[in-house]
Each structure stands twice: as structure tokens, then as C-alpha cells.
Number of protein chains: 2
Amino acid sequence: VVEKMAVSDSLHSISEGLGRACEKAEVILITGGLGPTKDDITKKALAHFFKTGFVFHQETWERIQNIFSRLGINITDAVRNQCFMPQNAHILPNKLGTAPGMWFEEKGKVFVSMPGVPFEMDYLMEYEVIPRLARYFDGTPSCKKTVLISGEGESAIAERLKSFEESLPENVKLAYLPGIGQLRLRLSVFGDDESSSKGELNSFFESMIMHLPVHLIAGINCESLQVAVGDILKKRQLILGTAESCTGGYLAHLITSVPGSSAYFKGSIIAYSNKVKNHNLGVSDETLVQFGAVSEQTAIEMAKGCLEALNVDVAIAVSGIAGPDGGTPDKPVGTIWIAAATKSVRKARLFKLGKDRIRNIQYASALALNFLRLTLEYPEQI
Amino acid sequence: VVEKMAVSDSLHSISEGLGRACEKAEVILITGGLGPTKDDITKKALAHFFKTGFVFHQETWERIQNIFSRLGINITDAVRNQCFMPQNAHILPNKLGTAPGMWFEEKGKVFVSMPGVPFEMDYLMEYEVIPRLARYFDGTPSCKKTVLISGEGESAIAERLKSFEESLPENVKLAYLPGIGQLRLRLSVFGDDESSSKGELNSFFESMIMHLPVHLIAGINCESLQVAVGDILKKRQLILGTAESCTGGYLAHLITSVPGSSAYFKGSIIAYSNKVKNHNLGVSDETLVQFGAVSEQTAIEMAKGCLEALNVDVAIAVSGIAGPDGGTPDKPVGTIWIAAATKSVRKARLFKLGKDRIRNIQYASALALNFLRLTLEYPEQI
């Protein structure tokens, strides 16, 4: 992808955008503006750009008539007008909506126009556009592999990989894809021969991995910490529960955002008040009074209590001050305790985050996932 | 906004993008590429574009040293290099990260460069960039007022407001700001005289409200459903608890994303497995066997059980099939039951959502918030 642009709904802006895209790319993917209303002018702009006229497309007309008769709706003129297509368009049938996609081969380039409705566009990309592009170009331009890192930031990792990066040839690219509490490194090899590119990729990838401490590596070709943690739990056949205070459900949300997470995640007790910490998680009143809700002792008792209350193999607990209020000189906003418990292990660690509430919630949840990963895989590191 | 563009990480692409943007706009907002790694080249591209050199910015250096010493991390050279800034940049301090924003006035235009980390960009836009732009242009002041709607979609509301919208004079604008399960309508009046603009705004706003059924209105100048629900709970001095299955913590996260929510939110039991529904929420085994986990009966027993388990005044429960797996012909993916319970009321309703897991989780959570709002304020509507 050399560029993405979003232009305004005017013939001038669209034509000009097409012209610019045409100068830079071999393939131009266009979405939106194919509907029946007045501001849908993409077809007009394309016909103008290609200096061509319109033809009535009978197959589309029949398909639209079928859809409307099935729904029992009358067809308006605006809808019938959707069947006029630029003369040079090859039509890509849209099974999920009225406006078809269009494929153009002009000026030595490929232009594809798709409806902007996300699921219609997804459908056309997957079943029409990508297969056609693969046939048209008949080649594998690049292969890629990613490593997911957690426990060190972008700049520390960049420092570790400095010499490695400098040694990379022109056709090998390293990209840093930072997320909250995680970093993905993507290595791409560009070349004409697929098998030699793959060999090159694997050898550079291995060399990159050698520069990184093993406990920082959460997964290979793995999207996120929650997926990495899920993989570990599945492999080890362990059932997880969480006990959350300041993260307020966000940790459980990250875990359950992964399809199939019900195989290893049993549930969570969100103890936003001390009464729930005491009554539902069994944190003792003395602990809450003596050390406070945000303390190593409370976090450990929350994790231990979660293990029992939900009857799980592993529990992770978070208690902290997300802000903006609730901070004290001793425990400022951003003070977060994270604890993990299994039947035999109990560990806790203090993290000092910033002042932004949402950021603290998100970051603490990611730190909790990494703490869980280390507890299970590299207990000596915590 | 005349155009958005995303260019690739090369000096050439960035310079060329800046040149094009410069031809079209008076203000060019730029995000990303300010980090410490090798692919962060925005500053270099800006200096090249403006034909200027770099200076070391002492204040930024001191700020970064403070951050790192607080976190107990050593500063790498790459981080120190972040303190070199283009000579013509006015520095916008970034309280939430290491890379500051930059403001340039060149070629008769304003260029603003911000870090790409979303919350840092948000912060800079809100506290540095928008106030500065307002001062710089010193243009026609506007006054604004929003109404938060939940329970009907954008096109249904547009239909209700058709005649109202057509009657609006040139200097009054209505914007639709849709969110998941909510819609904000923003009415803006542009004029030179602040007090007459305010009068005009209030009168048009009142007229707009008259076109909308009262139970659809969740709040005035209110950002989100979770804030609206929090306001109701505070006003009525009610304590809330939630019981979540398919939403997996996202509902509790929405509620606790509001600062001060601990005043009315006590906690949640996330019952991702039937055992937790039974053991921690008291849903009977017979109910689970006879009606299934996704049923009116289970949702009601979850809400009732939550009321008791967490000892709260109001409970809201969600049980459904988020997907992609777990659907059956009777209960396809997207089948969601939502129930609310107080000491005296027990209500439940079925919602049929789509196929996308994350979308279902987010939408079901918003529907639950609105269901809670209606239970408390317009019980006759459910």
C-alpha cells in the first residue's frame, strides 16, 4: 500500500484523486459512492475520468428485481439507475447488496470500485477482487512474519535491534507496530522467487529473534497478548478467572474478545467496591483496613479469593487507582498492583502508570495479561 | 475537512503529501512518526520540507528525564534524540508521552505535527491544538448544544427531523454523530453576536426536541449512554451491579470508564461459564438445562442473582451468542437476552444482532445501558 486517501464527494475531488493515485500505483481500490442517492457520484466520476459513456447492465437489473420482489418492495427510478454502468467496466456481482463492484483495466493500471457498505466491500474483496488480482499479477511480491513482544518498549527494542536493522539488505524491511503494553515487529522480504524469499525471511527472522531475550517474546505471527495468553492456557489446559478493581472489566473484555475464549476463561469478579472484595472475593477486613484496597496484600488476597470463588486453575487480580481522583501522596493516580495465583504460586508486582484514566485502564489490563504470561511461562522473571 | 491522506514512511512520500496538502488546505494536521525508532521520520521530513535545521529542545529533555527517572528506566540515545526539533517549530508540550507536538506557521499555512499514539494525539488536539486554532483564526464564534438519543437509528431520526431540518436558516447546522447504540445530534449556531446566537440556539434546540419522543432522549450535552445512566443513578442514589455473559466485561468497562463511577457502581460478576452462572449468580440448573444459557429465564435469574450476590439496588444482566461459533438454528449468532432487576421489577427483552463478534459485544453493552435507562426512567416503554 503506497497511499490511502479519502476525498470529498465532488466530481473534481474524485477525478483529481484518481489521477494522483494513477501516477503512484498499479492497482487503485476505490470504495463508496455507488448508492442510489444524489451524493453517490463515483460512477459518474469514473466515466468522466475514463472518458467513456454508460450502458444499461441487464444482469444487474434482473438481480435487483429479484431482491426487491423477494423483499416485497417497489423499485424506484433511483434504484433502476444503479444499473447503468460505465462502458469499460467489467461487472463484479455483489451478492449482498444492489450496487455491483466494477473492475477496469485502463492506462496500464487496474481500478476497482466497490460499494462503501463495509460487509459488501469485505465480500467483494474476498470473493472477487483478491482472486482476480492474484490471477492478474500472477506473482508473490512479499512474505512476512511477525513477533509479538511484551515487557519492553519500542525504544528499548530498537536499541537491541540497532545492529541487526543496519545489517538488513534493501529488500528486507522491519516495521514496529506498537500497541498498548505490546509491540509487534514485522519483518518483510520482497523478491520475485517465493521459495528463496521465504528462506531469506526465515533466516533474518531467526537472527532478529537472537537479539531479543526469550521472555519478552509472547508469540510468533500472533496478533495480541490476549491471543498469546489464550494459546498458553489452551496448551496447558488451564482454566482462568480474573478479579478486577480499577480495570473495571476491561481485562475480562480483552480476554473474551478472542473467539473461542470460553474454552479457557471461566469468568471474573469485578470488585469495584471494598464490600465486593470482602464478600465475594474473601479479602479480609483487616487487610483492607491495614494496607488499603490498593496494596500487595489486597491484590494477592483478591487473586487467591478468585481462585476459590470461581474454582479456576489460575487467577489474575488488579487493584489500583485509575484516576482522575482517588490518588494520595503515598499512592498517586497510576499506582497499580497486579497479582497472580495458582494452587502453588502467589506473585504480585507494583506498576506506576500515568494520569489518564482510560489509558491506565487499558495499560493495566495489558500489563496483567503479560504478568499472567510470565507467571505461567517465565516465573523466574517476576 | 477537504481530504485525508495516509502516506508511507518515506521522506519522499511525506514531503510530497505535505506539498499536496499545502495546495488545498489552510491547516494541515499530521499524526505519527515522532517516536524514537528508525521508521519515525516525520521530523526529518518536516525539516526537509521547510528547508530548516534542528535544535536541541532543553525543556523536552528535562521532561523526558523526569518521566524516565519516575519509571526507573535508563534513557537510551534514541530517546535523547527525540529532543532535537526543527528550528521553526513551536513546541506543544505532551503531558502523556515523550514526543511533543509541533506547530509551524509557514507558507501562509498552519502545520501541526502530533504523535500517532491515539490518547496522546487526543490530548494534544483538545488542550493545545484546538484552542490555538481558535485563537489563530479568531473567526465567527459558534455556540453548540447536543442531545443524546438512544433507541432509534440515524435514518428514523432523520425522518422525524426532516421538516425541522428543512426549516433551518443558513447559520444553523445540524450534525448527526452516530455511535454504537447511540446517536448525538449537535445543533450549532454561527453568528457574530454571542448572546443573540445563544438565544437562537436555545429556541431551535427546543423546537428540535419537540420532534422527538421523550423516552428516546438520554441526555442534553451528554457524551454517552454510560454518562447518562451514571447521572440517573447518582440522582436517584441507586447502586448498580452487572452480570455479564456474552459481553464478557465490556458493559462493566463502559460503566467504569466514567470518572467517579465508583459512587454508583459496585461491581460485576462475569459468568462466562454455566458453572459461574449457577454457583455465583444462583441461576438454577433446571433453568440452564430446560431453557439454555441464552434465554429469558436465565437472563432474569442472572439479574436477580446479581442483586443478591452483590447486594445492589439495580442489576442488569446480558446473556447471548456473540459468535462466530455457538449459534444454532433456533438461536443464531447475535441472539441476545437482556434483563434488569430491582427489588420490585424484573424485565427482559430479546435483541437480534448481527454476525460480528466485537460488534455484538459492543452493541449488546450499549443496548443493556439503554435498557437500564428505560427500566429506571420509562418502565412503560419496555
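Residues numbered from 1 in each chain as written. Chains lettered and ligands numbered in written order. Predicted model: local features only at pLDDT ≥ 70, side-chain atom pairs only at ≥ 80, totals over all residues. Heavy atoms only, no water.

Asks: Would you explain helix H8 (residues 194-210) of chain A in this entry?
Replies: Residues and elements named next belong to chain A. Between the first and last C-alpha of H8 there are 24 Å, a value that for 17 residues agrees with the 24 Å anticipated at 1.5 Å per step. Along H8, the positions that sit buried rather than exposed are Ser197, Leu201, Phe204, Phe205, Met208 and Ile209. The buried residues of H8 all sit within an arc of 140 degrees when viewed along its axis, so they share a single face. Opposite the packed face of H8, turned more than 90 degrees from it, sit the exposed residues Ser195, Glu206 and Met210. Where H8 is buried, its residues touch strand S8 (142-149), helix H7 (162-166), strand S9 (172-179), strand S10 (182-190) and strand S11 (217-220). (Helix = DSSP H or I, 4+ residues; strand = E, 2+ residues; numbered from the N terminus. Expected span 1.5 Å × (residues − 1). Buried < 20%, exposed > 50% of the residue type's maximum accessible area, 1.4 Å probe, protein only. Arc of directions from axis to C-beta. Contact = heavy atoms within 4.5 Å.)

Asks: When you look at the packing of aromatic side chains in this model, what are you seeing that I'm missing?
Replies: Any pair of aromatic rings gets described here by the distance separating the centres and the angle formed by the planes. All names here are of chain A. Considering all chains together, one arrives at 20 aromatic pairs over all chains under this definition. Ring plane angle 40 degrees and centroid distance 5.2 Å describe the contact between Tyr123 and Tyr127, whose orientation is recorded as tilted. Taken together, the positions of Tyr123 and Tyr127, both in helix H5 (residues 118-137) and four residues apart, correspond to about one turn of that helix. Judged by its relative accessible area of 13%, Tyr123 is buried. Taken together, the aromatic side chains of Phe49, Phe50, Phe104 and Phe111 make up a single cluster linked through ring pairs. We note Arg132 situated over the ring of Trp103; from NZ or CZ to the ring centre the distance is 5.8 Å. (Phe/Tyr/Trp six-rings, centres within 6.5 Å; stacked < 30°, edge-to-face > 60°. Lys NZ or Arg CZ within 6 Å of the ring centre and 35° of its normal.)

Asks: Explain the pairing of S8 of chain A to me, please; I cannot follow it from the model alone.
Replies: Strand residues, when the strand is regular, have side chains that alternate between the two faces of the sheet. Residue and element names in this part refer to chain A. Sheet topology note: the S8/S10 ladder contains eight bridges and is antiparallel. Looking at S10, one finds that Thr146 is bridged to Arg186. One ladder, built from three bridges, connects S8 with S11; its direction is antiparallel. Across the sheet, the residue bridging to Leu148 is Gly219, located in S11. (Pairing = 2+ DSSP bridges.)

Asks: Is there a simple way to explain the sheet that holds strand S8 (residues 142-149) of chain B in this structure?
Replies: Two strands in a sheet stick together by hydrogen bonds in their backbones, pointing the same way (parallel) or opposite ways (antiparallel). All names here are of chain B. Judged by pairing direction, the sheet is antiparallel, and its four strands sit side by side in the order S9-S10-S8-S11 without closing on themselves. With one partner strand each, in any of the chains shown, strand S9 (172-179) and strand S11 (217-220) form the two edges of the open sheet. Direction aside, the axes of adjacent strands within the sheet are offset by 20 degrees on average. With eight bridges joining them, S9 and strand S10 (residues 182-190) adopt antiparallel strand pairing. Across the sheet, residue Leu174 finds its bridge partner in S10, namely Leu187. (Axes fitted to C-alpha atoms, helices over the stretch in contact; angles between N-to-C directions.)

Asks: It is not clear to me how the side chain of Ser188 of chain A should be interpreted in this structure. Could you clarify?
Replies: All names here are of chain A. Turning to its location among the elements, Ser188 is positioned in strand S10. Looking at Ser188, the relative accessible area reads 5%, which means it is buried. Ignoring sequence-local partners within four residues, the contact set of Ser188 consists of Cys143, Lys144, Asn171, Val172 and Lys173.

Asks: Before we go on, may I ask you to explain the interface of chain A and chain B in this structure?
Replies: Buried accessible area, meaning the area lost when the parts come together, often serves as the stated size of an interface. Tallying the contact residues gives 53 residues for chain A and 54 residues for chain B. For the pairing of chain A and chain B, the buried interface totals around 4,100 Å² over both sides, and the portion due to carbon and sulfur atoms is 58%. On the chain A side of the interface with chain B, the three residues burying the most area are His253, Lys266 and Tyr272 of chain A, jointly 13% of the side's total. The interface formed by chain A and chain B includes four salt bridges. Linking Arg20 of chain B and Glu3 of chain A is a salt bridge whose minimum nitrogen-to-oxygen distance equals 2.7 Å. Applying the counting rule to chain A against chain B returns 25 residue pairs in polar contact (both at pLDDT 80 or more). For the side of chain A that touches chain B, the leading source of residues is strand S13 (residues 265-271) of chain A, giving seven residues. (Buried area = accessible area lost by both parts, 1.4 Å probe. Salt bridge = Lys/Arg side-chain N within 4 Å of Asp/Glu carboxyl O. Polar contact = N/O pair within 3.5 Å; in protein donor to acceptor, adjacent residues only side chain to side chain.)

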